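Structural characterization, general
Listed here are the chains, written in short residue letters.
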Amino acid sequence: MITKFQEKVYNVVQKIPKGKILSYKEVAKLTGSPRASRAVGNALNRNPFKEVPCHRVIKSDGTLGGYAKGAKEKARILKKEGYLKNGL
DNA sequence: GACCTGACTCAAC
DNA sequence: AGTTGAGCCAGGT
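As the structure is a computational prediction, the values presented were derived from the model and not from experiment.

**What about the overall build of chain A?**
The secondary structure content of chain A amounts to four helices and two strands. A compact globule built from 88 residues should have a C-alpha radius of gyration of about 12 Å, and chain A, at 12 Å, falls within 12% of that. Projected onto the principal axes, the alpha-carbon positions of chain A cover approximately 40 × 25 × 20 Å. Put simply, chain A has 88 residues, and 36% of those count as buried. In chain A, the share of contacts with a sequence separation of at least 24, taken over all contacts with a separation of at least 6, comes to 51%. Mean positive and mean negative side-chain charge positions of chain A (20 and 6 charges, respectively) differ by 3 Å.

**Observations concerning helix α4 (residues 71-81)**
Within the span of α4, buried status applies to Lys-74, Ala-75, Ile-77, Leu-78 and Glu-81. In a view along the axis of α4, the buried residues occupy a sector of 165°, so they form one face of it. Opposite its buried face, α4 presents the exposed residues Lys-72, Arg-76 and Lys-80, each directed more than 90 degrees away. The inward-facing, buried residues of α4 contact α2 (24-31) and β2 (57-58).

**Details of the nonpolar core**
Counting 18 residues, the largest nonpolar core has Val-9, Val-13, Val-27, Val-40, Leu-44 and Val-57 as its most contacted members. Of all the secondary structure elements, the ones that give two or more residues to this core are α1 (4-14), α2 and α3 (37-45). Among the elements that line this core, the one with the most residues is α1, at four residues. Ranked by size, the runner-up nonpolar core spans five residues in total, among them Ile-21, Ile-58, Leu-64 and Leu-78.

Procedures and definitions
- Residues numbered from 1 in each chain as written.
- Chains lettered and ligands numbered in written order.
- Predicted model: local features only at pLDDT ≥ 70, side-chain atom pairs only at ≥ 80, totals over all residues.
- Heavy atoms only, no water.
- Helix = DSSP H or I, 4+ residues; strand = E, 2+ residues; numbered from the N terminus.
- Rg over C-alpha atoms; globule rule 2.2 N^0.38 Å.
- Buried < 20%, exposed > 50% of the residue type's maximum accessible area, 1.4 Å probe, protein only.
- Contact = heavy atoms within 4.5 Å.
- Lys, Arg positive; Asp, Glu negative; His and termini not counted.
- Charge placed at Lys NZ, Arg CZ, Asp CG, Glu CD.
- Arc of directions from axis to C-beta.
- Core = buried A, V, L, I, M, F, W, Y, C linked by side-chain atoms within 4.5 Å.

In short, geometric facts, not functional conclusions.
Written as structure tokens, this is what we have:
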């Protein structure tokens, strides 16, 4: 079951281009509630849409934050996307 | 409808 | 600069 809020969140996150990263705060702002960063993380965690690149959403500090499949996997994907580096 | 929880954020110590 | 506390939003019980 999805709510209007989640729908907005998935819609915004889905529009994130490759190599682009948005913070939970930014996504929350786009959804209409700049303070709903937690609700955004909540929605992304239960994200039913595999097309939604939830791994492109990180904390405002620049840290990855969390990931439904594991923060490690998230970091790995971001590396592949080009946001993070392999350590080089 | 109130209470609890969660991938957050900001401010203070 | 790292840890802790309080604030805020939505979903589920």
